[in-house]
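# Examining the three-dimensional arrangement
Now for the letters of each chain:
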Amino acid sequence: KKIPASVVRLGAQYNRTGFVAVYVCIDGRIAAVLALSDALKPGAKELVRWISANGMQLRLLTGDSKASAEYTAREVGILSGAYEEEEEGVVQADMLPQDKIRYIKRLQEEGHSVLFIGDGINDAPALAQADVGVSMTKGTDVAIETADVVLVNGTGSIQDLATVIDLSKTTI
């Protein structure tokens, strides 16, 4: 059956604000619209500020929808100020694992060193392709096994990434 226009609009509203709309039907009729999303990792905003302040470039590569990815990027500060106005392509959405690999390879061919942070099954190939792959202890087993660095301090907070970058600059 056809989904009523008002319900489609509600789903679109959820999608624009970082949620995925899930329509629940019972006996062919809409019974509910669920709004699902991932929670931001603790310290994500601070890490984005630290990376920007230290002259590094940020990219968000995700399998999530464009609307959801852009919402997340705005929430953590990737799409604000200089990034939004100066660079296109900072947010790459709807990416399959092989898309992430191609994107990382292109950056490497342009002479960039790539540090990739990921915690899911679909991130494992990109973790392997990156110059440095970083995962969290709460990531999937394959992401943890593929990563060069696994953040294990406490809850595996991404704030620890600043320490990893500082240490790598000191040792290289």
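To keep things clear, this report deals only with the structure shown in the data block. (Residues numbered from 1 in each chain as written. Predicted model: local features only at pLDDT ≥ 70, side-chain atom pairs only at ≥ 80, totals over all residues. Heavy atoms only, no water.)

### Focus: helix α2 (residues 44-53)
Cut-off, in case you're wondering: Burial status follows relative accessibility: with a 1.4 Å probe on protein chains alone, a residue under 20% of its type maximum counts as buried, one over 50% as exposed, and anything between as partly exposed. Strands here mean DSSP runs of E at least two residues long; helices mean DSSP runs of H or I at least four residues long; both are numbered from the N terminus. Directions from the helix axis toward the C-beta atoms define the arc.
Among all positions in α2, only Ala44, Leu47, Val48 and Ile51 are buried. Considered in projection along α2, the buried side chains sweep an arc of 100° and stay on one side of the axis. In α2, the exposed residues that point more than 90 degrees away from the buried face are Arg49 and Ala53. Positive phi shows up at glycine 55, right after α2, with a value of about 75°.

### Details of the pairing of strand β2 (residues 29-36)
One face of the sheet, then the other: side chains in a regular strand alternate in exactly this way. Put simply, the rule is: Being paired, for any two strands, means DSSP has found at least two bridges between them.
Note that strand β1 (residues 20-26) and β2 share seven bridges and pair antiparallel. Its bridge partner lying in β2, valine 24 is registered against alanine 32. The hairpin turn running from β1 into β2, its antiparallel successor, is two residues long, and aspartate 27 in that turn takes a positive phi close to 55°.

### Points about the nonpolar core
What counts here: Take the buried residues of types Ala, Val, Leu, Ile, Met, Phe, Trp, Tyr and Cys, join any two whose side-chain atoms come within 4.5 Å, and each joined set is a nonpolar core. Any pair of residues with heavy atoms lying within 4.5 Å of one another is described as a contacting pair.
Formed by 20 residues in total, the largest nonpolar core has its most connected members in Leu60, Ala73, Ile78, Val91, Leu151 and Leu161. Contributing elements (two or more residues each) for this core: α2, α3 (66-76), β6 (132-136) and α8 (160-171). It is α2 that contributes the most residues to this core, four residues altogether. Setting aside anything within four residues of it in sequence, one finds valine 91 in contact with Leu60, Ala69, Glu70, Ala73 and Leu79. Of all hydrophobic cores here, the second largest spans eleven residues; its members include Tyr103, Leu107, Phe116 and Ala126.

### Some details on the sheet that holds β6
Definition in use: For helices, the fitted axis covers only the stretch in contact; all axes are lines through C-alpha atoms, and the angles between them, taken along N-to-C directions, range from 0 to 180 degrees.
The three strands lie next to each other as β5-β6-β7, forming an open sheet whose pairing is parallel. In the strand order of this sheet, the two ends are held by β5 (115-117) and β7 (149-151), each with one partner. Here the average twist between neighbouring strands, direction ignored, is 25°. Pairing analysis gives three bridges linking β6 to β7, with the strands arranged parallel. Looking at the pairing, methionine 136 lines up with leucine 151 of β7.

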